[in-house]
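# Observations on the model geometry
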Amino acid sequence: MLSVIVGRSGPFAGQSVVLGDAPLTFGRKSDNDVVIVSVSASRFHAEIVTENGAYVLRDRDSRNGTYVNELRVTRHELTPGDTIRIGDETFLFETQEAVETVMDLSQLALPRADAAANPGVLRVTVSGGGPVGLAFALLLEDALPGRVSVTVHDGRWVRDGTTVVWKDETQGNVRRQQVVTVQSRQYLALSEEIRMALFGDGGQFSEMWPLGPDSVDGRPPRNIRIAYIEDRLLELANSKPAIRLVPKKFDPVEQGHLIARDHVLVICEGGRSRTREHFADRFGAADATIYSLDGEHLQDVILGLRVKSRLSDPMSVLLTVAQNRFLLNSLRGEGFLNMRLTREEARNVIGIDPVRQVFEECIAARPCVMSRHEDNEFVCPTHGTLFLPALLRGSPLWKRIQEGLRLFGVDEDDLSAITSFRLDMVQRPRFTAQLTRPTADRPGTYGFLLGDAANAIHFWPGRGLNSGLASAVSLARSLSRVWRGRPLRDADFIRHEAAMSMLQYRHKSRAWNAMVTTDERGVTRAIKDIIDRSMEATAGPAGPAAGVARPAAGGAGPAPRVAGSAAGGSASAGASGADVEILLDRMRSIRERLAERLPGLPDDEQLRSHLAALAPSTLRTLQESGAWDTLIVGGEEADIDIFYQQDAPVFVPATPRATDPLPDPRTSAILGPS
């Protein structure tokens, strides 16, 4: 008999968790199984464990205690009907059978009875309800009307009456306000209903980037906020009877006996998917050596700055394309300014707990989003930490952040939040795997990797969402073509596997070109190291900026100190002038290429005046970082349509070997086709 924990009050109300052999943890930290957002809860508050066949609730030395039936406990063997209180939230411990008599079945992670009884219905579970997971569910529902039942899991949702909505910051979920650029090849492949939901209100997107070689039917790329995409897709999914939304994180161990009853499990939880790792033996080991340099698996750390820019879109495009240190992707000036960090700068992306006076790496490791409060404090709402470089106003990293703001015409007061994320890539051997075999009473389950769970793409080329949508379109097409009410076969997905292999090769080879550059002598270096050396070259007598001294993560230590020059030192006026001229010459060439497709580009006088406000060390860094290959911005997208045309030949590209040379970023024209 299964036992469950059901939320009775608070943000978890109406949600349920089926208990298994693994401990179930409660607390304020985001890596707990049940995140308690109440300030009365401790970071690691309590847990439920199995002991001698029973479930035992244990307090983990919490500050305000754990209660069962309003009595404070340190250890309590749970019995059906017990009420647990942690912070301001209460939970009921009960058997699943008992809960079914008092709860709507839609709030439990059970397959639909009608779907299980009808052999003609394709039963699908989706782990991860972001844009890719929801788009796939909606596309499949549209392609197989009346013949599919889709269950989508996501722990970032909460039930609100009869619908499921996104949790907000008070419930432990900081919404993704980043702006993404969706290529026309991808948004035109979506159903008309999805396109209307996303773009029917013209005020929610902009067409900032010009037409590129891959623009379909003369439609330019569109900038749109991720949170808006998520809201509209979830709203649409709520209206579909064939799509069941479960506001809890998918657990492959807990749900294993249920998944065996499904035909399909679609994994699109993101680059750190636990479900994918649970089935790692089926999908095969990923190869990191392909994306390595001198034996090091390359990784970029990006600082994301939520800003509002005063510059026009054409000026922002030109400034972005002309260098490789900063990227502004915005919707009418509001969006995220992404800053590529050096190794030393990445080590200084830390928070500090103002109460315990210890360093925390929540912004670097989770990552968390720190919102601006008074006195230049950027506060993590989950962990209560402060962004340390902003407190140390003279720190090198903070001064370089200010230079990025100045480059894109952002007042410091218009910097409203800071986050960071790490980006690297691996080569995956396959994206389709049979998880269970067919039996007399089981259909056999196929698993699929979509989105970042399949191909975590470097953000600099901006291909993550585009690749994810293409993978969702491909799988929905494959399933809708082959579903005939019989067990699925490997051969049913040869077209989809070929499309995924092409997406991986095309996008990751281009993403690699956004991480490295090769000089005229054939020497390949990481762009972040070129940026670092440019700052060393302009450093004063004190040497390169050392940043913030700190102890090991989480440990107490002496008060932080700042060392080194403020912004990488100074450069001579002559060197500064030379850097301005090189940048201007680069921008003229870019402007000539883009002028016909992007009206309103600034003239030389406007550019010179704008660049003159930057520090000499910043000008040197921008100049030496190199221009951005605009082929990466405007296309060319992988065209999966070739695999779904009538009688189209199907082939799977061979996986590159670690010894194979990678594409040279300078082999294509740096400014793209005109």
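Residues numbered from 1 in each chain as written. Predicted model: local features only at pLDDT ≥ 70, side-chain atom pairs only at ≥ 80, totals over all residues. Heavy atoms only, no water.

Taking an unreviewed UniProt entry as the reference, the protein chain is identified by name as FHA domain-containing protein belonging to Streptomyces phaeolivaceus.

To continue, consider the sheet that holds strand β16 (residues 179-182). A sheet is described by the order of its strands in space; here 3 strands give the open sequence β16-β18-β17, paired in antiparallel fashion. Strands at the two margins of the open sheet, each flanked by one partner only, are β16 and β17 (205-206). Pairing analysis gives 4 bridges linking β16 to strand β18 (residues 222-225), with the strands arranged antiparallel. Within the sheet, the bridge partner assigned to Val180 lies in β18 and is Ile224. (Pairing = 2+ DSSP bridges. Helix = DSSP H or I, 4+ residues; strand = E, 2+ residues; numbered from the N terminus.)

This paragraph deals with the sheet that holds strand β4 (residues 34-35). On the basis of which strands lie adjacent, the open sheet formed by 5 strands has the order β4-β3-β5-β6-β9 and mixed pairing. Each edge of the open sheet carries a strand with a single partner, namely β4 and β9 (75-77). As paired elements, strand β5 (residues 46-51) and strand β6 (residues 54-59) share 6 bridges and run antiparallel to each other. The partner of Ala46 across the bridge, within β6, is Asp59.

Moving on, we come to the side chain of Ser292. Turning to its location among the elements, Ser292 is positioned in strand β21 (residues 292-293). Polar side-chain contacts of Ser292 include one of 3.0 Å to the backbone oxygen of Ala288. Not counting residues within four places of it along the chain, the set of residues in contact with Ser292 comprises His297, Leu298 and Trp512. (Polar contact = N/O pair within 3.5 Å; in protein donor to acceptor, adjacent residues only side chain to side chain. Contact = heavy atoms within 4.5 Å.)

It is worth spelling out the pairing of strand β15 (residues 163-166) at this point. Bridge analysis of strand β14 (residues 157-160) against β15 gives 4 bridges, and the strand direction is antiparallel. Across the sheet, the residue bridging to Asp160 is Thr163, located in β15. Hairpin connection from β14 to β15: 2 residues lie between these consecutive antiparallel strands, with Gly161 at a positive phi of about 70°.

Attention now goes to the pattern of salt bridges. Applying the stated criterion across every chain yields a total of 38 salt bridges. Glu360 is the salt-bridge partner of Arg43, the closest N and O atoms lying 3.7 Å from each other. Linking Arg43 in the loop between β4 and β5 with Glu360 in strand β27 (residues 358-360), this pair joins segments that are 317 residues apart in sequence. As far as burial versus exposure is concerned, Arg43 and Glu360 are alike and both buried. Across the pair Arg356 and Glu360 runs a salt bridge whose closest N-O atoms are separated by 2.5 Å. The exposure class of Arg356 is partly exposed, given its relative accessible area of 46%. Relative accessible area serves as the criterion here: at 14%, Glu360 is assigned to the buried category. Counted as one network, the salt bridges with shared partners bring together Arg43, Asp353, Arg356 and Glu360. (Salt bridge = Lys/Arg side-chain N within 4 Å of Asp/Glu carboxyl O. Buried < 20%, exposed > 50% of the residue type's maximum accessible area, 1.4 Å probe, protein only.)

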